[in-house]
8 protein chains.
Amino acid sequence: MHGEIGFTDLGSARVDTARTRRTGVPEVVYAAAKTLAQTEAVLRELYAREGFALATRIPTTEDGALLMARLPEAVYDDGARALRCGRWPATGRRVAVVCAGTSDLPVAGEARFTLEAFGHDVVQRSDVGVAGIHRLLADFGAVAACEVVIVAAGMEGALPSVVAGLVQAPVIAVPTSVGYGVAAGGFAALHAMLASCAPGIAVVNIDNGFGAAALAHKMLGIGSRCA
Amino acid sequence: MHGEIGFTDLGSARVDTARTRRTGVPEVVYAAAKTLAQTEAVLRELYAREGFALATRIPTTEDGALLMARLPEAVYDDGARALRCGRWPATGRRVAVVCAGTSDLPVAGEARFTLEAFGHDVVQRSDVGVAGIHRLLADFGAVAACEVVIVAAGMEGALPSVVAGLVQAPVIAVPTSVGYGVAAGGFAALHAMLASCAPGIAVVNIDNGFGAAALAHKMLGIGSRCA
Amino acid sequence: MHGEIGFTDLGSARVDTARTRRTGVPEVVYAAAKTLAQTEAVLRELYAREGFALATRIPTTEDGALLMARLPEAVYDDGARALRCGRWPATGRRVAVVCAGTSDLPVAGEARFTLEAFGHDVVQRSDVGVAGIHRLLADFGAVAACEVVIVAAGMEGALPSVVAGLVQAPVIAVPTSVGYGVAAGGFAALHAMLASCAPGIAVVNIDNGFGAAALAHKMLGIGSRCA
Amino acid sequence: MHGEIGFTDLGSARVDTARTRRTGVPEVVYAAAKTLAQTEAVLRELYAREGFALATRIPTTEDGALLMARLPEAVYDDGARALRCGRWPATGRRVAVVCAGTSDLPVAGEARFTLEAFGHDVVQRSDVGVAGIHRLLADFGAVAACEVVIVAAGMEGALPSVVAGLVQAPVIAVPTSVGYGVAAGGFAALHAMLASCAPGIAVVNIDNGFGAAALAHKMLGIGSRCA
Amino acid sequence: MHGEIGFTDLGSARVDTARTRRTGVPEVVYAAAKTLAQTEAVLRELYAREGFALATRIPTTEDGALLMARLPEAVYDDGARALRCGRWPATGRRVAVVCAGTSDLPVAGEARFTLEAFGHDVVQRSDVGVAGIHRLLADFGAVAACEVVIVAAGMEGALPSVVAGLVQAPVIAVPTSVGYGVAAGGFAALHAMLASCAPGIAVVNIDNGFGAAALAHKMLGIGSRCA
Amino acid sequence: MHGEIGFTDLGSARVDTARTRRTGVPEVVYAAAKTLAQTEAVLRELYAREGFALATRIPTTEDGALLMARLPEAVYDDGARALRCGRWPATGRRVAVVCAGTSDLPVAGEARFTLEAFGHDVVQRSDVGVAGIHRLLADFGAVAACEVVIVAAGMEGALPSVVAGLVQAPVIAVPTSVGYGVAAGGFAALHAMLASCAPGIAVVNIDNGFGAAALAHKMLGIGSRCA
Amino acid sequence: MHGEIGFTDLGSARVDTARTRRTGVPEVVYAAAKTLAQTEAVLRELYAREGFALATRIPTTEDGALLMARLPEAVYDDGARALRCGRWPATGRRVAVVCAGTSDLPVAGEARFTLEAFGHDVVQRSDVGVAGIHRLLADFGAVAACEVVIVAAGMEGALPSVVAGLVQAPVIAVPTSVGYGVAAGGFAALHAMLASCAPGIAVVNIDNGFGAAALAHKMLGIGSRCA
Amino acid sequence: MHGEIGFTDLGSARVDTARTRRTGVPEVVYAAAKTLAQTEAVLRELYAREGFALATRIPTTEDGALLMARLPEAVYDDGARALRCGRWPATGRRVAVVCAGTSDLPVAGEARFTLEAFGHDVVQRSDVGVAGIHRLLADFGAVAACEVVIVAAGMEGALPSVVAGLVQAPVIAVPTSVGYGVAAGGFAALHAMLASCAPGIAVVNIDNGFGAAALAHKMLGIGSRCA
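Residues numbered from 1 in each chain as written. Chains lettered and ligands numbered in written order. Predicted model: local features only at pLDDT ≥ 70, side-chain atom pairs only at ≥ 80, totals over all residues. Heavy atoms only, no water.

Visitor: For this particular structure, what's the right way to read the overall build of chain A?
Guide: Scanning chain A from N- to C-terminus turns up 9 helices and 11 strands. By principal-axis analysis of the C-alpha atoms, chain A measures approximately 50 × 45 × 30 Å. Relative to its full complement of 227 residues, chain A shows a buried share of 69%. Within chain A, contacts between residues at least 6 apart in sequence are counted, and of these 64% link residues at least 24 apart. Only carbon and sulfur atoms are counted for the fraction: they give 53% of the accessible area of chain A, which is about 6300 Å². Here chain A contributes 19 positive and 21 negative side-chain charges, whose respective centroids are spaced 5 Å apart. (Helix = DSSP H or I, 4+ residues; strand = E, 2+ residues; numbered from the N terminus. Buried < 20%, exposed > 50% of the residue type's maximum accessible area, 1.4 Å probe, protein only. Contact = heavy atoms within 4.5 Å. Areas by Shrake-Rupley, 256 points an atom, 1.4 Å probe, with all protein chains shown as cover. Lys, Arg positive; Asp, Glu negative; His and termini not counted. Charge placed at Lys NZ, Arg CZ, Asp CG, Glu CD.)

Structural data, given as structure tokens:
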């Protein structure tokens, strides 16, 4: 096998403790389909090995509070539905997180929380969808100055196309499941983003704010390795 | 039954000769799935009764030429794949026909040809998609001054949302089947248009340039009746 | 940028306070995916700026009552699941709102409430589906005399095709999610409406009664501008 | 096993020679995915055993002519793309075959040809779709007097709902693949027919004119057995 | 218009009181998306006019009990989730209702209850799916002797094909939403039934036990009219 | 009919008591859509006839406890949501049950429980997905030595392809409904498994752990019969 | 890595020359999307290394003839659209290949040709679909005596369920793309097979006759290893 | 508007001549749905303005030859179906282009050709799919040393997940339309890539080799700007 390997066998989980060294991104706990005990055990193991652990999709606010009480250095963010133990050193790198509507905020929050846990700075803009695009353009300079731009949008998912036509930075598009009728579930936004006429847009799974942040982090690694 | 009725039975077709008086839009021949003889027969009957006839989706340029040779007052437009016998009196009303890419031109052409056959003026803009939205805005005043704006777009179908955020006029969105992968067939654009965050967009079937023009014509009827 | 711009930044929302002047339709609050506090804040800001505010898809009757108690000039309509603060001046224009079955009433109600908030008169017909089309035709004159006809239907969504074959006015078709099996979710009705053999039908998203009303309002603008 | 059984093994086909006695409908050759030799062999065997044989979906007019030349008592109908050897005795029973548009004629033709091969009389109406429903109602008495009504329609597939609201006879709905955009392939019509608000509609597969006729024939069997 | 017409306007419903005379099947209340008050009002009106009323998809057992207490001659059947006021005279006609698995019983029950309300006799077989087809064949004679055979099946929906290969009577196939994975929602069964290699199968919407019974009733009408 | 037949008629179920002798796999109770009383009755009958009975998809832990209390020799496994009465003799045959993530454990558990009830030994590995494939390879020898390998995976469902490229044994792939966005419901995993570039993978329905085990058991029958 | 590895790099292909030793099935050339030169080169390399090579989906009869002329020990089978160089020693093991209709023969042929190339005996039955199931049962003993049963079926795909209810051997179901309307492309058959109520059916991709044969071969390996 | 703007109006196209300065990627001609004359005109204009022009999806080899003959500095690559006029200066940056099967080469070629036109170096690996993953690992070092890794795969699309678990660089996944049955059209691969359990994968539209290259180029811009 290529790269560093290693894992801890917890019975129901084999924790990939070498993933950060191998891929630059640690194993992160997807808590939605795990018991609270399973989530806690994996977080504890990861933190013990690496001094850092992250969980997304904490099912309820109560679960978040419970985990925060039990785990060392834990910070739970209700808007992001995510929790971290520890934080990586500040990098001074800047990533924009833009979302089309107020309803996209939980997904944007997951991206922001992850980026900040990885040590990056975030420039956030909310509710700047294409029906009133002047709301985005009013103070666009700070967004355009970021090294990567994450754009979360549901419904027709048009915002990434517009943004990608205006910036040098790579755009990561996150479709959200916000909407009803043909937009329900996020497929209308997903397909719009994949079909965009603006070249060079990276698309991730519906509602995958964490994935967008992990991708942005890997992109920034290009810059840091070239230093 | 409500309204004026009447028809001519040609065997394989019952030509609805009272449709203009009843609904404001004449029966129009959808030639794609008809034999040339069937198309010619219905056009001839419509022209005889109303002094006007229109056919869309002429299968080939050769078919268009043949029909033009055989029918009175016939004009065939290859870019629109459509043919008319006669034309309604000029109304001086203005409709914009905007399309996102060069590949959407056949659909936009069908809309333009139909509107002109119905007597209206058309303001056309082509290849002004959202990846370089300044191409639309450069001379947008003439578009914004139209009473109705038709926007044809394939791929991610984002242009109608942007336009609808900028004008008073109702926007009619026509998804086109231009694109590949998730955009193939036009469903990505269709869903984006239906899910638009900009309120008040009228959507028609994929590639239905004629339907968009017929709808615009019925909208203009509101204005003329109120005069 | 084209047109009037301007917004208020409330943190989680950038309220597009110039949208009425720019597009003829105000920013309207889609309350389904917002917290009650977010909905209230945006309504308050819109009303302060324009003397009018509208919210649709209020999640519960209790939410509606709470908002009505807190906001100035607020009227909540349970059948429409919508709330308005203020009302635009009466126009005397008439729009028909027809629905195929009793189960389509909430969607039809959202359209009616929006139209009335915008100052228009509404002619309503309910439960007049095609299985007994004489129920529609019995007193059809008042419908046919309207300037725009909105038709909401679930299941097979055939009613707009029939109506569009009988009237001069543009028909706006609203598919509803009423039905089970192949009709569940509203796609059967949506596709039937888009594929209609009756030309000139405007289609909006599934259950989008507000969008139908906003489109009707923009259509009526054609008439008022031509005065 | 229940009922009469028996077959002839031709190698690539096991011809079910007892099917008529067992189910009332003979094995019929679906020629679309067979070689001409396979089609001819099965027809010859069926005719030898039962004095009657039927093939549908003959790929080309040339194939039809060739089979007609080689097989005894063969009649090929180009409009129906079908061929029969022999014909069952006349029954005097009447079935209506109604189609919405000229483009649905091949499917309606397959139904008509099959019914006539089975000995029944057919009352046919073409191009009587819902956009001008007066074309159907003008001479509807003969349709309403039939014992079974077959309705073929593509696009939005609304015609069966309207017909089923007007007649005592069972309605068999055949969706056709006529149309483009959301109607392409016939699923919009299929779903509309299954979701119909008019109770008691029998639906068959898209373009399955033969299946509609076979079902009508089995329905008529109820009447003949009760004699 | 063709046939007998007439209705009672209850505000939210226009009750089609002439439907039985026009089509042979009365207007039936689909209670799933109505308030209890709406359901009760329509049932009361139908019973007052015709001495008979039927409602399907009563949401809960409590609703059924309440309606039974309030309405004259009301009988509620919990297994069928349906209620009738009155019953049509016995006809002595026999319809088979066969279902593939125990889980299909509610749909089969709706069909049986409707048929019995219309005065017909029902021969029922349950849990006789194709994985052990001998369970169907063991006492198949009584099924084969029926004038119409209704077959309800979920999962792979294969039972109607097998039955239709064994009987003279028309087979009405009802796909049910029973199953998980690819079978969830009933589309696998629906498509299997429409694609059946056994000719002459009538298909109705997923879970539509009432529709199957209404169709069977209309089929039996062929026989009674020919008497 | 071929093979041994026989059944017990319990009214709502015809229990196929000869299925083991005919097909090697007993009738198993799918409890998800049955009442507790129905499940209990069928289990009791099966156990009385064969000394063995198995039920899957017990809706709740409470139901499992209740059935365990009432039925002879009953063992309920909460992780597998399954219950057995009795157990077949030990065979000494070994089947691997591998799952990609912790969230796939319930499906893997259903497979393991069924295999053990049928008398086989199970080698289990959990949380060894392709993002850290070294976790699988670390102790792969025991897996590779099994006669059949069952692989359960949700999300992108890539693990069966990788495993099938490494072992002689047939691989049975079970897609799970674990995931969100495009993975929700399990279709992404199902399609990936069917489209695998590694030949000879057997695929079963989404979440169908029991089916995978039944198939493995039938495969092992090949070996035992050849002994 | 686990198992034997090794490959030959031909530039556009890396031929996996160790696959037989590692997995029991050789790398097989899928010729549909390769140039004739690419197919020939890989076959030549495989044959040179292992004395055996197999290609499926040869695009045309001419391609097959050309390859047969150029390659050593080559046998091309037009009905199977496949070619082999060499053949593995006869095993005396028996696999049944059953298909529902004449149109499924190409897929069944691919399975038969592959099995014979691997040295196994094949018992074939064609055109024995469920509409006349007595055609299968007439001489079913030879099928039931096979160690594995492959069943290919298009349209409603019901045959595997019926067969799996009658035999001890594992059943491998191959959906075919035969059919029209809802059956077009093979998804109706695929879903029916995955949703089968008969436990223990292995499903492979649509039209994947080779995959079914490879799976059967791996299953037989269980028996041979246990000897 | 933000950023540099400007365009040339060619009638059917508005060439966005400022796109490189605004977004880092030039307007590129998608030739599939354009006439040869339209493609030539836009290329000529772009080359005149920027000294560089690129076209993808040239319909035929003949078209490529014709364009190469007519345009200055033109290089046509048949394997990539692409043409460039000029080339950007060499950057010395390295991008890996890995594809799963020989059939994915045209898509991989489009990515490679675009990257080389933009001045980057490409490390290519072909036919290294997961069924024999040792073919990838044999000389993986050169791939792992690249700054960005593009992975093209059809069928089950599993390769990007495996690669992303092994490298530090961001992985761009390109689903291809290679495959049949459930894989036809590329959706199985697309969904697998979006649902990947390996975090930080960027996905582009099906067959979009150019988009992958444009995204890689924008990612490399992060590194060059940080220098």
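Now, onward.
Visitor: Just checking my understanding: could you explain the packing of aromatic side chains for this structure?
Guide: Describing an aromatic ring pair means giving the distance of the ring centres and the angle of the ring planes. Scanning all chains against the criterion turns up 32 aromatic pairs over all chains. When the ring of F52 of chain H is compared with that of W88 of chain H, the centres are 5.2 Å apart and the planes differ by 45°; the resulting orientation is tilted. Of this pair, F52 of chain H sits in the loop between α2 (36–50) and β4 (53–56) while W88 of chain H sits in the loop between β6 (82–85) and β7 (94–99), and the two are 36 residues apart along the sequence. By relative accessible area, which is 4% here, F52 of chain H ends up buried. Every member of this aromatic cluster is reached through a ring pair, and the members are F52, W88 and F118 of chain A. The cationic tip of R57 of chain E hangs over the ring face of Y180 of chain C; the distance from NZ or CZ to the ring centre is 4.3 Å. (Phe/Tyr/Trp six-rings, centres within 6.5 Å; stacked < 30°, edge-to-face > 60°. Lys NZ or Arg CZ within 6 Å of the ring centre and 35° of its normal.)

Visitor: I tried to follow the packing of helix α2 (residues 36–50) of chain B against helix α3 (residues 61–70) of chain B on my own but got confused; where do I start?
Guide: Two packed helices can be described by the angle between their axes and the distance between those axes. Residues and elements named next belong to chain B. Following both chains from N to C, one finds α2 and α3 inclined at 40°, their axes separated by 11 Å at the closest point. For the crossing formed where α2 meets α3, the hand is right-handed. Within the contact between the two elements, α2 uses L36, T39, E40 and R44 and α3 uses D63, L66, L67 and R70. (Axes fitted to C-alpha atoms, helices over the stretch in contact; angles between N-to-C directions. Left-handed = near helix turned anticlockwise from the far one by under 90°.)

Visitor: Would you take a moment to explain the confidence of the model for chain A for this structure?
Guide: Of all residues in chain A, 97% attain a pLDDT of 70 or more, and the chain-wide mean is 94. Scored as a complex, the prediction yields pTM 0.96 and ipTM 0.95. (pLDDT = per-residue confidence, 0-100.)

Visitor: How should the sheet that holds strand β6 (residues 82–85) of chain A be read in this particular structure?
Guide: Note on sheets: strands pair through backbone hydrogen bonds, and any given pair is parallel or antiparallel. Residue and element names in this part refer to chain A. Taken together, the 4 strands give an open sheet; going across it, the order is β3-β4-β6-β5, and neighbouring strands pair in mixed fashion. Edge strands, defined here as strands with exactly one partner in the open sheet, are β3 (29–30) and β5 (74–77). Looking at chain direction, β3 and strand β4 (residues 53–56) are connected through 2 bridges and run parallel. By the bridge assignment, Y30 is partnered in β4 with T56. Across the sheet, helix α3 (residues 61–70) lies against β5 and β6, angled at about 165° from β5, the strand it touches most. Running over the sheet, helix α4 (residues 105–117) touches β4, β5 and β6 and is turned about 5° from β6. (Pairing = 2+ DSSP bridges.)

Visitor: Even after reading the chapter, I still don't get the sheet that holds strand β6 (residues 82–85) of chain B, so can you show me in this structure?
Guide: Residue and element names in this part refer to chain B. Strand order in the open sheet formed by 4 strands is β3-β4-β6-β5, with mixed pairing between adjacent strands. Edge positions in the sheet fall to β3 (29–30) and β5 (74–77), since each has one partner strand and no second. This element, α3, spans β5 and β6 of the sheet and lies at about 165° to β5. Strand contacts of helix α4 (residues 105–117): β4 (53–56), β5 and β6, with the helix running at about 5° to β6, the strand carrying the most contacts.

Visitor: What's the story with the relation of the copies chain A and chain H in this structure? I'm lost.
Guide: Note: a rotation about an axis with an accompanying shift along it relates these two copies of the chain. Each copy superposes on the other: chain A lies on chain H with an RMSD of 0.0 Å after a rotation of 180° and an axial shift of 0.0 Å. On this basis, the relationship between the two copies can be described by a two-fold rotation axis. A shared binding surface is used by both copies, with 100% of the interface residues of chain A retained as interface residues in chain H. (Least-squares fit on C-alpha atoms with pLDDT ≥ 70 in both.)

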